[in-house]
Amino acid sequence: METKEYHKKFQERIDNGETIEPKDWMPERYRKQLIRMMSQHAHSEVVGMLPEGNWIERAPSLKRKKILLAKVQDEAGHGLYIYSAVETLGIARRELVEDYIYGNAKYSSIFNYPTLTYADICVIGWLVDGAAIVNQTMLARSSYGPYARAMIRICKEESFHQKQGYEMLAKMASGTPEQKKMAQDAVNRWWWPTLMMFGPPDDESPNNAELIKWGVKSKTNDELRQSFVDRTVMEAEAIGLELPDPDLNYNKETGHWEFGEIPWDEFWEVIRGNGPMNRERIRARRKAYEEGAWVREAAAEFARKQKLNQEKAS
Ligand code: BYC
C-alpha cells in the first residue's frame, strides 16, 4: 500500500537518521532503486575479479601472488555479501545475475579496461580501491541497514587492498627507470577511468537527487570525486609519480584541487557496452555461469536432502 501518510512517515524516519530494515514499509520506488544500485555494485565486485585474476599466475614473487590471490578472493566475498543484501529486498539472486549476464544490468565502467602490465595491478589497488573506499565509506551510512552493514566490512578489506597497491606502486616507482616508466604508464591509463567511477556529473545524474533524499547516498557524485582527487594528488607526489592532468591546480580559497575535463564521451561509450573489454568481460562471466550450473544444481540437491533428513529425524 502506498498512501501519502506512509510516504510521510517513511521520509520522517529517513530524516531522523533511522535505518530501514527489510521488513519495514518502504516505497516501491525506494526498493527498486536499491535493487538497481546494489545489484550493479554486486556485479561490479564479481566482474572486478577478472582484470586482476589475469595476473595471478604472472605475479612477480610468491609474496605478491599470495596477496593478489587473497585480494581477488575478497572481491568474490564482497559480491556475495551484497547479493545477499539485495535478496532481502525480495528478489532472487538468479534473476539479478541473469539480468546482468543475458540482459542490460550495468556494472562499474572501470572493469572494462585491460590490465596490460603488473603495474596495472598496483594502480588498481591504489586508485580503483581508493575510489571504492571513498564511495563505500559514504554508503556505510546508507539508510538501508543490510547494505550499510555490508559496506562496513567491505571497507575494512578495501582499505588493505588500497594500502598494498600503493606500497607496491611506491616500490615500482623507486625501482629501475623501466619500472618507473611502467608505473607512470599505468597511472596515465587508469587516472581518468577512475574519476569516471563516481558516475556522471551531478547535473547529468538522474538518480542523485532521489538517492540523497532517501539517505541511500549522503554525497553527490561530484562531491565524492572531489574528495578522491584531494586525497590522491599528494599520494602521487609522495611516490614521485605524476597524474596525467595539466590542469590540476590547488585552489587556496576553496582548499580543493581543481582538475581538467573528464572525457565523458568515453564514459558513455563504455557504459553503452563499447569499452575496450566489455564484450570479453560479459563472455567470461557467461561462460563461468553456464559451466557452474552443475555446482548450483548439486548444492541445491544436497540442501534439499539435508532438509528431508532433518525433517525425518524430528
Ligand atoms: N559505471 O544517476 P547516476 C569496486 C550509470 S566495485 C557504470 O549518477 P547513481 C571494486 C548509473 O547506473 C565498484 N554505470 O547513478 C571491485 C545510471 O544508469 P541506470 C562499484 C554507471 O546510481 C573489485 C546512469 O549511469 N561500486 O570498487 O546515482 C576490485 C546515471 O548515473 C557508472 C558501486 O557500484 C559507472 N561508473 O550513481 C576493486 C557503488 N556511474 O542504472 C574495486 C554503488 C553511473 O539508471 N553505486 N552509472 O541505467 C553507486 O554509488 C552509484 O550507483 C554510482 C552511480 C555512483 C555508481
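Criteria and thresholds
- Residues numbered from 1 in each chain as written.
- Predicted model: local features only at pLDDT ≥ 70, side-chain atom pairs only at ≥ 80, totals over all residues.
- Heavy atoms only, no water.
- Axes fitted to C-alpha atoms, helices over the stretch in contact; angles between N-to-C directions.
- Helix = DSSP H or I, 4+ residues; strand = E, 2+ residues; numbered from the N terminus.
- Parallel < 35°, antiparallel > 145°, perpendicular 65-115°, else oblique.
- Left-handed = near helix turned anticlockwise from the far one by under 90°.
- Contact = heavy atoms within 4.5 Å.
- Nonpolar A, V, L, I, M, F, W, Y, C, P; charged D, E, K, R; others polar.
- Buried < 20%, exposed > 50% of the residue type's maximum accessible area, 1.4 Å probe, protein only.
- Polar contact = N/O pair within 3.5 Å; in protein donor to acceptor, adjacent residues only side chain to side chain.
- Core = buried A, V, L, I, M, F, W, Y, C linked by side-chain atoms within 4.5 Å.
- Expected span 1.5 Å × (residues − 1).
- Arc of directions from axis to C-beta.
- Near = heavy atom within 4 Å.
- Areas by Shrake-Rupley, 256 points an atom, 1.4 Å probe, with all protein chains shown as cover.

### A few points about the packing of helix α2 (residues 28–47) against helix α7 (residues 145–173)
- Orientation of α2 relative to α7, taken along the N-to-C sense of each, is 25°, at an axis distance of 13 Å. With respect to their mutual orientation, α2 and α7 come out roughly parallel. Seen from above, α2 lies across α7 with left-handed handedness. Every residue of α7 that contacts α2 at Met37, Met38, His41 and Glu45 is listed here: Tyr147, Met151, Ile154 and Glu158.
- Tallied by class, residues from the contact of α2 with α7 come to five nonpolar, one polar and two charged.

### Re the side chain of Thr194
- Residue position: Thr194 is located in helix α8 (residues 177–196).
- What makes Thr194 buried here is its relative accessible area of 0%.
- At 2.6 Å, the side chain of Thr194 forms a polar contact with the backbone oxygen of Trp190.
- The contact partners of Thr194, leaving out residues within four places of it in the chain, are Ile110, Leu127, Val128, Ala131 and Phe228.

### A few points about the nonpolar core
- The biggest cluster of nonpolar side chains holds 79 residues, and the ones touching the most others in it are Tyr30, Met38, Tyr144, Leu169 and Trp190.
- The biggest single contributor to this core is helix α6 (residues 118–139), with 13 residues.
- When neighbours within four sequence positions are excluded, Leu169 is seen to be in contact with Ala119, Cys122, Val123, Trp126, Ala183, Val187, Ile239 and Leu241.

### Some points on helix α1 (residues 4–15)
- With 12 residues, α1 should reach 16 Å at 1.5 Å per residue; the first-to-last C-alpha distance of 16 Å fits that figure.
- Those residues of α1 that sit buried are Phe10, Gln11 and Ile14. The buried residues of α1 all sit within an arc of 95° when viewed along its axis, so they share a single face.
- Buried positions along α1 lie against α2 and α9 (208–213).
- One or two positions beyond α1, positive phi appears at Gly17, with a value near 80°.

### Some details on α2
- Between its first and last C-alpha, α2 extends 28 Å over 20 residues, near the 28 Å set by a 1.5 Å rise per residue.
- Of all 20 residues in α2, 14 are buried, a share of seventy percent or more.

### Remarks on the site of the ligand
- For the ligand, the set of nearby residues contains 34 residues, the closest of which are Arg36, Gln40, Lys106, Ser205 and Lys217.
- Taking Lys217, its side chain carries an N or O atom lying 2.7 Å from an oxygen atom of the ligand.
- When isolated, the ligand has an accessible area of 1000 Å², and the protein chains bury 92% of it.
- Listed by contribution, the elements that provide at least two residues to the shell around the ligand are α2, α6, α9 and α11 (264–274).
- Grouping the constituent residues of the shell around the ligand by class yields 15 nonpolar, 12 polar and seven charged.

### Things to note about the packing of α2 against helix α5 (residues 93–101)
- Two elements in contact, α2 and α5, have axes whose closest approach is 11 Å; the angle formed by their N-to-C orientations is 70°. With respect to α5, the element α2 is oriented roughly perpendicular. In terms of crossing hand, the pair formed by α2 and α5 is right-handed. In contact with Ile35, Ser39, His43 and Val47 of α2, α5 contributes Leu96, Val97 and Tyr100.
- A per-class count over the contact of α2 with α5 returns five nonpolar, two polar and no charged.

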